[in-house]
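Next come the chains, spelled out residue by residue.
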Amino acid sequence: FELCQDMSISLQRYPPAEVLSGKSQMYEYDPAGIASVLSKLTLDGVRVWHQAKVLAGRCVEKDTSYGSPMLRSPLEDSWRQKWAAVSSVGDGSGDAAAAYCASLGLHLPKPNPFIPEDLSLRPLLADPPKLPSPLSGLAPPVGCLFHRQDDLLKQPKAFASFLLYTPFLCQDVESYVKTELFCRCVEESLTEYAYDAEMAGVSYSCSVGSTCVNLQISGFNDKLGVLLDAVTEKITSMHAVPQGVYDIVADAYADEVSNAAFHSPPYAQCSMRFTELTSKGGLFPSYKRHAAFKSMSRERLDGVVDSMFHSSGCHIEGLVLGNILPEEAKELAQRLVRGLGVTKALEVLPERAEAMLPDGATVWKLDGTDEEEPNHAVVMRVQFPYCVEADMLARLVSKVLGSKFFDILRTQQQLGYIVQSFSRCTMKFVYLLSVVQTEFPLDYVRGRIEAFFDEHYRFVEETLAEDEFDSCRAGLLSELQTKHKTLHEEAGHYFGSIVDRTYDFERRGRGIQYVEKEATLARLKQFVTEQARQAPKIYVQVHKTNAKEDKPLPDGAVIPADSDGIRLWTTHADTVQSFAGSAMWMRIPSEVGVAPSRL
């Protein structure tokens, strides 16, 4: 509502191209201009605004909106003299003013340690790198640090994210839950800095990822080191978590993990089960975390910080972007190591891997976890080994078919309110996904999905026109070429390549080049015929446990018989265990020195 109102006002005041930014966009960062404005905030510039009917005799001006009596005037001489006397007590120094205020029983708030003092932009190279570059001269436990100095946004801000790999996190589900709770206790304890950080334009987060803790800081670059010191000091001081902090965190965590385990919508349960099936290392499903949390207490978090960063060792990789020089980026990493007191480096990182699906089609039927949920869900995933070409072609298939999938299955067949088809990448694979949450029988809905793709794969192979393909390709190209508007957005372009330890920052550029020069209608048809139709796929079906009857099938509709050779799984834990032993796992590199060897 507020955005619509602001845009309506902006339409009256600004050119069409500037309606979204309105009065908020600064065309050029101008430190001298800002300093000039601030210099005018002096006692001589203070004005008093009188506006009240009881002051009608004094208020000789009129409010232009309502005609109310008003007056804007300088300070009265007697006021100015009194204020000036107070502002220059003693020798006129800040200390003298503070002492005088203290004598009156007044005091200033504690200084905000994060307020930036240096807002200058760091000098750029004549030809600055367009992608993050590895920094040299690093010592273990810092394995690699990537840096790119901003040359687009040109603001005095920076973003830094550090991945702290620790074997303790993924040795078992209890350790994972301890780490999650500890990181949240750290964030809760850091609320003492929350107001100062917000006022100073900086932020921080400490969260758990796959086999690592992710520590992020961002905002005005001048005091990011001070902020990082405050965060690491809080982390290392919490050998024993205060009971009050633990109670707040545990209460929120209990609700969150319980809702995730037992009250997630059916389509989300499909995704959680698939992740549990095909991922190895550092991730534990919500129902296991819920069970482990039941035995947790504040005392069980004692010494977790030592287990995470000291006794088991640690390996650090990071990304630093923005108005920051290479040496300053390295200094941040060194402050992190000093602040955490990490002395023991890892020789190998915890294992991570993703599984290839078995050939052909698989249907995995599972019961839902929420007895009050009236819907079923089915999620189909078609799997391709990752490469830039598969990624771009899968995106093009989604561009061509995504709206048609929604129109036919949602609008025409009315299978459910949540109906979508899209593509996604993981560390090792590209997926075409189709999601339907429904009150119709699941096997009927799965048949509708199969029928849609059989018909529309044929549409791509035989009927798709060049102009429609060109329109979809142009849309994808526009998305890929959109420049980032914040440092967080820029980090999103690169961070996945650090997480999957390929350090392939050119991936997006190669995707753009492929779509511009190599993606053709003929190649898309070939991809559908030779790869999409033949690729392994799995339908994860979550069946409601609610006693409510399914919606009746439309007139003349029937539930199709399963095709020959389809693979059927009907158990949960046994299927996960059996699949883990038989699947081909694609390993994510775990060697500590893999970054230098790839660069």
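Conventions and cut-offs
Residues numbered from 1 in each chain as written. Predicted model: local features only at pLDDT ≥ 70, side-chain atom pairs only at ≥ 80, totals over all residues. Heavy atoms only, no water. Helix = DSSP H or I, 4+ residues; strand = E, 2+ residues; numbered from the N terminus. Buried < 20%, exposed > 50% of the residue type's maximum accessible area, 1.4 Å probe, protein only. Contact = heavy atoms within 4.5 Å. Areas by Shrake-Rupley, 256 points an atom, 1.4 Å probe, with all protein chains shown as cover. Lys, Arg positive; Asp, Glu negative; His and termini not counted. Charge placed at Lys NZ, Arg CZ, Asp CG, Glu CD. Pairing = 2+ DSSP bridges. Axes fitted to C-alpha atoms, helices over the stretch in contact; angles between N-to-C directions. Parallel < 35°, antiparallel > 145°, perpendicular 65-115°, else oblique. Nonpolar A, V, L, I, M, F, W, Y, C, P; charged D, E, K, R; others polar. Salt bridge = Lys/Arg side-chain N within 4 Å of Asp/Glu carboxyl O. Core = buried A, V, L, I, M, F, W, Y, C linked by side-chain atoms within 4.5 Å. Disulfide = S-S within 2.5 Å. Phe/Tyr/Trp six-rings, centres within 6.5 Å; stacked < 30°, edge-to-face > 60°. Lys NZ or Arg CZ within 6 Å of the ring centre and 35° of its normal. Left-handed = near helix turned anticlockwise from the far one by under 90°.

Caption draft 1: A look at the overall build of the protein. The number of helices and strands found in the protein is 21 helices and 18 strands. Here the protein, with 599 residues, has 44% of them falling under the buried criterion. Look at the contacts in the protein between residues 6 or more apart in sequence, and 81% of them connect residues 24 or more apart. Looking at the protein as shown, the accessible area adds up to about 30,700 Å², and 53% of this sits on carbon and sulfur atoms. The centroid of the 61 positive side-chain charges in the protein is displaced by 2 Å from the centroid of its 79 negative side-chain charges.

Caption draft 2: Representation of the sheet that holds strand β14 (residues 418-425) in the model. Ordered in space as β14-β15-β13-β16-β12-β17, the six strands form an open sheet in which the pairing is mixed. Every other strand in the sheet has two partners, leaving β14 and β17 (567-569) as the edge strands with one partner each. Between one strand and the next, the sheet's axes are offset by a mean angle of 15°, whatever the strand orientation. Sheet analysis places strand β13 (residues 376-385) next to strand β15 (residues 429-438), joined by 10 bridges and oriented antiparallel. Residue pairing in the sheet places Val-378 in a bridge with Val-436 of β15. Along the sheet face, helix α15 (residues 442-462) touches β12 (361-367), β13, β14, β15 and β16 (537-543) and points at about 150° away from the line of β16.

Caption draft 3: Structural view of the packing of helix α6 (residues 173-189) against helix α11 (residues 286-293). Remark: α6 packs on α11, axes separated minimally by 9 Å, with the N-to-C direction vectors making an angle of 80°. The pairing of α6 with α11 is recorded here as roughly perpendicular in orientation. Between α6, through Val-173, Glu-174, Tyr-176, Val-177, Glu-180 and Leu-181, and α11, the contact on the second element is made entirely by Lys-288, Arg-289, Ala-292 and Phe-293. Of the residues belonging to the contact of α6 with α11, the class tally is six nonpolar, no polar and four charged.

Caption draft 4: Broad picture of the pattern of salt bridges. Enumeration according to the criterion identifies 34 salt bridges in this entry. The partner of Glu-439 in a salt bridge is Lys-548, and the shortest N-O contact between them spans 2.9 Å. With Glu-439 in the loop between β15 and α15 and Lys-548 in the loop between β16 and β17, the pair connects residues that are 109 residues apart, well separated along the chain. Residue Asp-454 is joined to Arg-533 by a salt bridge in which the shortest nitrogen-to-oxygen separation is 3.6 Å. Of this pair, Asp-454 sits in helix α15 while Arg-533 sits in the loop between α19 (521-532) and β16; the two residues are 79 residues apart in sequence, bridging distant segments of the chain. Taking the relative accessible area as the measure of exposure, Asp-454 reaches 39% and is therefore partly exposed.

Caption draft 5: Expanded view of the nonpolar core. Residues Phe-162, Leu-164, Leu-181, Phe-182, Tyr-246 and Phe-309 are the most contacted members of the largest nonpolar core, which totals 59 residues. Top contributing element to this core by residue count: α6, with seven residues. With near-sequence residues (within four places) excluded, Phe-309 lies in contact with Leu-164, Ile-235, Cys-314, Leu-340 and Val-342. Among the nonpolar cores identified, the runner-up in size contains 49 residues, and Met-380, Phe-384, Ala-390 and Ala-519 belong to it.

Caption draft 6: Structural detail: the state of the cysteines. Applying the stated rule across the entire model yields zero disulfides. We note that Cys-314 lacks a disulfide partner, and the nearest cysteine sulfur, in Cys-212, lies 9.7 Å from it. Exposure remark for Cys-314: the relative accessible area of 0% places this residue in the buried category.

Caption draft 7: Structural detail: the pairing of strand β10 (residues 315-322). Buried residues dominate β10, accounting for eight of its eight residues. Burial of the side chains of β10 extends over both faces: His-315, Glu-317, Leu-319 and Leu-321 are buried on one face and Ile-316, Gly-318, Val-320 and Gly-322 on the other. Sheet analysis places strand β5 (residues 142-149) next to β10, joined by seven bridges and oriented parallel. Paired with Val-142 across the bridge in β10 is Ile-316. Two elements, strand β6 (residues 157-165) and β10, share eight bridges in a ladder whose sense is antiparallel. Opposite Leu-164, over in β10, you have Ile-316 as the bridge partner.

Caption draft 8: Molecular detail of the packing of aromatic side chains. Scanning the entire structure with this criterion turns up 17 aromatic pairs. With 5.8 Å between their ring centres and 70° between their planes, Phe-114 and Tyr-193 make a pair best called edge-to-face. Note that Phe-114 is positioned in the loop between α4 (94-103) and β4 (133-134) and Tyr-193 in the loop between α6 and α7 (194-200), a separation of 79 residues in sequence. By relative accessible area, Phe-114 is classed as buried at 2%. Ring centres 6.2 Å apart and planes at 55° place the aromatic pair Phe-429 and Tyr-431 in the tilted group. Using a relative accessible area of 3% as the deciding quantity, one classes Tyr-431 as buried. In this structure, Lys-280 is placed above the aromatic ring of Trp-585, and the distance from its NZ or CZ to the ring centre is 4.4 Å.

Caption draft 9: Expanded view of unusual backbone geometry. The omega torsion across Pro-140 and Pro-141 is 15°, close enough to zero to call that bond cis. By the element assignment, Pro-141 lies in the loop between β4 and β5. Look at Thr-211: it is not a glycine, yet its phi comes out positive at around 65°. Examined against the element boundaries, Thr-211 turns out to sit in the loop between β7 (202-208) and β8 (212-220). A residue is classified by how much of its surface remains accessible, and Thr-211, at 0% relative accessible area, is buried. Of note, Gln-414 is a non-glycine position whose phi angle comes to about 50°, a positive value. Following the sequence through the fold, Gln-414 ends up in the loop between α14 (388-412) and β14.

Caption draft 10: Representation of the packing of α15 against α19. Running from N to C, α15 and α19 cross one another at 140°; their axes reach a closest spacing of 8 Å. If you check the angle between α15 and α19, you find them oblique. Seen along the crossing, α15 lies across α19 with a hand that is left-handed. Where α15 abuts α19, its residues Tyr-457, Val-460 and Glu-461 lie against Leu-524, Lys-525, Val-528, Thr-529 and Ala-532.

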